[in-house]
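Spelled out, the chains give:
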Amino acid sequence: MTHKLSAARLNRLFLAGELSAVEITESVLSRIASVDPVVGAFIKVAAEHALDRARKLDARRKAGDREFGPLAGVPVAVKDNICTCGIETTCASRILKGYVPPYDATVVERLRASGAIIIGKTNMDEFAMGSSGETSAFGVTRNPWDLERIPGGSSSGSAAAVAAEEVPLSLGSDTGGSIRQPAALTGVVGLKPTYGYVSRYGLVAFASSLDQIGPFGHDVEDVARLFEVIAGPDRRDATNAGRTPPEVKFGGEPSLKGVRLGVPREYFGSGIEAGVRARVEEAIKQLEELGASVEECSLPSTEHALSAYYIIAPAEASANLARFDGVRYGYRAAGASGLLEMYGRTRAEGFGPEVKRRIMIGTYALSSGYYDAYYKKAQQVRTLVIRDFERAFGRFDALVTPTVPTTAWRLGEKLDDPLSMYLADICTIPVNLAGLPAISVPCGFADGLPVGLQLIGQHFADTQLLQLAWAYQKVTKHHEARPDVDLKGGRQQ
Amino acid sequence: MTAKWETVIGLEVHVELSTETKVWCSCKNEFGAEPNTNVCPVCLALPGSLPVLNAQALEYAVKAGLALNCKIQRYSKFDRKNYFYPDNPSGYQISQYDLPLCYDGYVDITRKDGTSRRIRIKRIHLENDAGKLVHAGDDVAAADTSLVDFNRAGVPLIEIVTEPDIRSSEEADLFLNKLRSILKYCGVSDVKMEEGSMRCDVNVSVRPAGSAEFGVRSELKNVNSFSAVVRGIEYEQKRHISILEEGGAVEQETRSWRDAQGISVLLRSKEDAEDYRYFPEPDLPPVVLTDEDVERVRASLPELPDAIMARLMSDYGLSAYDASIIVAEKEYADWFLRAVELAGRESAKTVANWQINELNRVMNEKGLGPDQIPVTPEQLAGMLKLIEKGTITGKIAKTVFEKMVESGKDAETIVKEEGLTQVADEGELLKIAREVVAANPKVFEDWKSGKQSAAQWFVGQLMKATRGRANPQLALKLVTQALEEQAGQQ
Ligand SMILES: [Zn+2]
């Protein structure tokens, strides 16, 4: 049952010598072995790497070392677009199969320094492009609450691995909702930090101006602990703000007295499912009961945010993905007779359809003659979105919205309809355009499937956001619900 | 060239900055290292790596801009310029598109006839260099495999773009030399074309003389020496004129200059022009410079060639020609100024003569560069002191100078070792003069019969006998005395 323990608990037990890091790791590895064949959360389980690390931690502890970081002994799964030195990093793409980075992402360095045990690399939508976890070149990830349904994307594996209790914590990345959306659909907590709080060094870029690494966990305390480990200054990322978040303090009676919450009406439009709306409205009532003042507001440019996002993100992606050309690493098509053919065939064979679609859109949007009509226009819309938020934060401390307008859909249901898939991120995308922090916390179920509540904060208000989410979690306990993956086929006798 | 036509030339010059490290990472920026040894995840553009701007590269670029009389953009940004090529590991170059760091500058050039012209600089932007392809074969087409060396990938480059103000190959050559000189003065680049730290693209068009409209231009890519620039321009000029004179139309195209064959060949036409799909680099924040930043860089600029040249002319009385030769290379100017400082301001013209006539000749003969000046200013000043004191004659000084170049020894040491001191002892010299006169009765007869040049001949003989060490005025006086004595005895 060790795998069911929170990160905070595991850390305490390890420090106290009640559980060895090897015991914890073995427990997690055996849980993964039993449920992951049906969940598909991992692309690579780095068992030897993890055990080796665990043994070293145990040896240190035995030798009397007490200088351990806040994640000592805690297994953490890492999304496969975050570079791990010596562990294959593929971005769930054929084009990077077999690529082993010679360096660690900054967040991975910090995980290691804090005593965490990196257990493996989680499945994802290829290059983080997708909202369902179905575009991976290495198979789909399934929702632990209903294995016939998608877990959300693109950090599908990181969310599912936590939801299925394979690991207590994981890292994902969020470009347009890729942490919050799967967190909501799998019933876990996911934080998208303020852009610039967590170093992107070593995160394989999808859309550089939007990407941000963030944590998943079962509860807000665990998520805060992981966030505090990964956030902070890094000179290797020029877009890093160079700021250290203030310490998150939990405890006492949860109260939201004096907290002003805004409810933007554009996030409750026609696309929202009745069950989702009901849960979110209940959550808003509970926040009010905790003492917060709640008022409706408007973010009028929300309706254009999706269009702007689907120009800016592919435009940046088209450049970011140009380096995968078959010249230096990863996949190279065989038998090409010249350079151009080698490039063309490598990319045609190496990238999946969603990635190709976005490269095409991005290349088109940037090409001369179309730049002003598309890319420039999209950047102007982005400015409007930012202004909307700035206006709202003149009045409110945080905004409350649904994370996703629907619950998890069936596998394959939207795969051939990219436009309807893109709508799944409609509530999360504006946050990325503005670089704001936002958290998704479980707020109950609709038809047996998890629903997520999104709290959006001001720049660098991540700590306040975590405290707000903690207060809500404290009085609702939705985060304590667990899917029964074993009964659903994970360990059939 | 036919006077009917006027050539219009614009240059795009790429210069590698001699920073200690590369522009986006902390790898060493050095020429000639073992292939792929100065590389890291950033300059190899490994997935997940991010660029961070090198502050020294930024400062050098600003410095170059100020030295070239540019305005400095207080808010500039980087853009991605997208293209696929194996030496371009990220698939884009980080450059600057609509907001270059420096703009609206100029360089004044002085033609041989003494007239000067101003070549305007449109912009200077900062970007990174690419790696280098090595083809395992005679050329790209014949190569079986191609290898890439990424040591150069990420080396900081500035691209200097001129307005189409250049009117001849001579002006292009003068401009490039002046540009090189200025950049070397500021210490931002070693500007070695042979090592590829300065490269050039040339835009050439031809129009009827007096026309205000531009002709259709062709662009010559990667012209890799000053002489190639001259030849390339002259080739294109002829090509355009002959097309125009035959009633044809010049096509806008990009051409490759093949220096060995002396021809240009079509690389791509306007129709298949590249679409680089520029957009703002999201991994780098905009560059914001304050007035204080710019002034701090300006304060770090050394005195530049134009200013030194003016000073050499006004304070030291040098001619424009002499001054321009001295300031062409920073090392020459430094050498000159130091030598004058040691020898005294009144010796400035003498120092200039020695430097321009003797030193330059020796260096040309030996193929020495400006960083290999074989005589120190101290040595020259020491030699001039010996002349001034009368220890050696001007003639002997030339010998001493040659020996200084060869041995690296000081003039004083050489004079001592070789016994080259001037003979000013009248008794000794008179004795030699008498011997010379006595030994050449035929010339003596010539002198006696009124041939004036015969006396000069005897002076020459006296010099020869003393290996040039005789004081020339004294020599003439004593020869005359000896001749008169001889005549009196007869
Ligand atoms: Zn490097």
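- Under an unreviewed UniProt entry, the name given to chain B is Aspartyl/glutamyl-tRNA(Asn/Gln) amidotransferase subunit B, and the organism recorded is Symbiobacterium terraclitae.
- In the Sequence similarities (unreviewed entry) part of its UniProt record, chain B is described as follows: "Belongs to the GatB/GatE family. GatB subfamily."
- Its UniProt record gives chain B the following Subunit (unreviewed entry) comment, quoted word for word: "Heterotrimer of A, B and C subunits."

### Details of the sheet that holds strand β7 (residues 260-264) of chain A
Residues and elements named next belong to chain A.
Point 1. Reading across from one edge, β1-β3-β2-β4-β6-β5-β10-β11-β9-β7-β8 is the order of the eleven strands in this open sheet, with mixed pairing throughout. Here the strands that pair on one side only, and so sit at the sheet edges, are β1 (42-45) and β8 (293-297). For this sheet, the mean angle separating the axes of adjacent strands, direction not counted, is 30°.
Point 2. Most of the contacts of helix α15 (residues 462-476) go to strand β10 (residues 438-446), to which it runs at about 20°, and overall it touches β5 (189-192), β7, β9 (398-402), β10 and β11 (449-457).

### Points about the confidence of the model for chain B
Point 1. Of the residues in chain B, 98% reach a pLDDT of 70 or more, and the chain-wide mean stands at 91.
Point 2. Reported for the predicted complex are a pTM of 0.89 and an ipTM of 0.96.

### A word on the interface of chain B and chain A
Point 1. Counting residues at the interface gives 30 residues for chain B, matched by 38 residues for chain A.
Point 2. Here chain B meets chain A over a buried area of about 2,700 Å², counting both sides, of which 62% is carbon and sulfur.
Point 3. Interface area lost by chain B to chain A is led by Pro-47, Leu-50 and Phe-84 of chain B, which between them contribute 24%.
Point 4. Our count for the chain B to chain A interface comes out at one salt bridge.
Point 5. One salt bridge connects Arg-200 of chain A with Asp-283 of chain B, and the closest N-O pair in it is separated by 3.0 Å.
Point 6. Mapped onto the side of chain B that touches chain A, the elements with two or more residues apiece are β4 (79-82) and β15 (279-280) of chain B.

### Focus: the pattern of salt bridges
Point 1. Tallied over the entire structure, the rule returns 67 salt bridges over all chains.
Point 2. In this structure, the salt-bridge partner of Arg-199 of chain B is Asp-129 of chain B, at a minimum N-O distance of 2.8 Å. Pair noted here: Arg-199 of chain B is in strand β11 (residues 198-208) and Asp-129 of chain B is in the loop between β7 (116-128) and β8 (132-136), with a separation of 70 residues, a long-range link.
Point 3. Classification of Arg-199 of chain B by relative accessible area gives buried; the value is 12%.
Point 4. The salt bridge partner of Lys-409 of chain B is Glu-417 of chain B, with a shortest N-O separation of 3.1 Å.
Point 5. Salt bridges here are not isolated pairs; linked through shared partners, they connect Arg-200 and Asp-237 of chain A together with Arg-80, Glu-281 and Asp-283 of chain B.

### Let's talk about helix α11 (residues 411-418) of chain B
Residue and element names in this part refer to chain B.
Point 1. Listing the buried residues of α11 in full gives Ala-411, Ile-414 and Val-415. Projected onto a plane normal to the axis of α11, the buried residues spread over an arc of 100° and lie on a single side. Facing away from the buried side of α11, by more than 90 degrees, are the exposed residues Lys-416 and Glu-417.
Point 2. Gly-419 sits one or two positions beyond α11 and adopts a positive phi of about 60°.

Parameters at a glance
- Residues numbered from 1 in each chain as written.
- Chains lettered and ligands numbered in written order.
- Predicted model: local features only at pLDDT ≥ 70, side-chain atom pairs only at ≥ 80, totals over all residues.
- Heavy atoms only, no water.
- UniProt positions renumbered as here; feature names shortened; annotations may be inferred.
- Pairing = 2+ DSSP bridges.
- Helix = DSSP H or I, 4+ residues; strand = E, 2+ residues; numbered from the N terminus.
- Axes fitted to C-alpha atoms, helices over the stretch in contact; angles between N-to-C directions.
- Contact = heavy atoms within 4.5 Å.
- pLDDT = per-residue confidence, 0-100.
- Buried area = accessible area lost by both parts, 1.4 Å probe.
- Salt bridge = Lys/Arg side-chain N within 4 Å of Asp/Glu carboxyl O.
- Buried < 20%, exposed > 50% of the residue type's maximum accessible area, 1.4 Å probe, protein only.
- Arc of directions from axis to C-beta.

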